[in-house]
Amino acid sequence: MKSERLSFAKRALLTRSAEALFTAYEMLEEYDEESIREFLEGDVTVAAVSVVSGIDEPALVDEVVKQASKIQRQAELA
């Protein structure tokens, strides 16, 4: 599935929404990418954020995975 190209404002909203999901599920820091996807796909909170933000669920899940990977890399370097 090809994700839609987001406007600057929507991109910021996507990032903030993913941060909120990542904060809500702090244990995601311990999961690998595949496990995060399995956990979040079909999750009611992801669905709710999707409806409120107008951003599709796969894009939200992708952004959470991206942020989790970034946090994990930073932890490895520390």
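A quick note: this is a predicted structure, and the numbers were derived from the prediction, not measured.

The rules behind the values
Residues numbered from 1 in each chain as written. Predicted model: local features only at pLDDT ≥ 70, side-chain atom pairs only at ≥ 80, totals over all residues. Heavy atoms only, no water. Helix = DSSP H or I, 4+ residues; strand = E, 2+ residues; numbered from the N terminus. Rg over C-alpha atoms; globule rule 2.2 N^0.38 Å. Buried < 20%, exposed > 50% of the residue type's maximum accessible area, 1.4 Å probe, protein only. Contact = heavy atoms within 4.5 Å. Areas by Shrake-Rupley, 256 points an atom, 1.4 Å probe, with all protein chains shown as cover. Lys, Arg positive; Asp, Glu negative; His and termini not counted. Charge placed at Lys NZ, Arg CZ, Asp CG, Glu CD. Phe/Tyr/Trp six-rings, centres within 6.5 Å; stacked < 30°, edge-to-face > 60°. Arc of directions from axis to C-beta. Polar contact = N/O pair within 3.5 Å; in protein donor to acceptor, adjacent residues only side chain to side chain.

Participant: Can you walk me through the overall build of the chain in this structure?
Facilitator: Within the chain one finds 4 helices and 0 strands. For the chain, the α and β elements follow one another from N to C terminus as α-α-α-α. For 78 residues, the compact-globule formula gives about 12 Å, and the C-alpha radius of gyration of the chain, at 12 Å, lands near that figure. Seen through its C-alpha atoms, the chain measures out along the principal axes to roughly 35 × 25 × 25 Å. Taken over 78 residues, the chain has a buried fraction of 31%. Put simply, of all contacts in the chain between residues at least 6 apart along the chain, 67% involve residues at least 24 apart. With the model as given, the accessible surface of the chain reaches about 5300 Å², and the carbon-plus-sulfur share is 54%. Between the centroid of the 9 positive side chains of the chain and the centroid of its 16 negative side chains there is a distance of 12 Å.

Participant: Teacher, can you tell me more about the packing of aromatic side chains here?
Facilitator: Aromatic rings in a pair are described by how distant their centres are and how their planes are angled relative to each other. Under the defined criterion, the tally for this structure stands at 2 aromatic pairs. Aromatic side chains Tyr-25 and Phe-39 sit 4.9 Å apart centroid to centroid with 80 degrees between the ring planes, which places their arrangement in the edge-to-face category. Here Tyr-25 is found in the loop between α1 (8–24) and α2 (33–40), whereas its partner Phe-39 is found in helix α2, with 14 residues between them in sequence. On the basis of relative accessibility, which here comes to 15%, the residue Tyr-25 falls in the buried class. Taking relative accessible area as the criterion, Phe-39 reaches 29% and is therefore assigned partly exposed. Ring centres of Tyr-31 and Phe-39 lie 6.1 Å apart, and the angle between their planes is 85 degrees; this geometry places the pair in the edge-to-face category. A relative accessible area of 28% places Tyr-31 in the partly exposed class. Cluster of aromatic residues (ring-pair linked, three or more members): Tyr-25, Tyr-31 and Phe-39.

Participant: Which parts of the structure should I look at to understand helix α3 (residues 44–53)?
Facilitator: Side chains three or four residues apart in an α-helix point the same way, a direct result of the helix having 3.6 residues per turn. Among all positions in α3, only Val-46, Val-49, Ser-50 and Ser-53 are buried. Buried positions in α3, seen along its axis, are confined to an arc of 105 degrees and lie on one side of it. Projecting away from the buried face of α3 at angles above 90 degrees are the exposed residues Val-44, Val-51 and Val-52. Its side-chain oxygen 3.0 Å from the backbone nitrogen of Thr-45, Asp-43 forms the N-cap of α3. Phi turns positive one or two residues past the end of α3, at Gly-54, with a value near 80 degrees.

As far as function goes, none of this settles anything; it's purely spatial.
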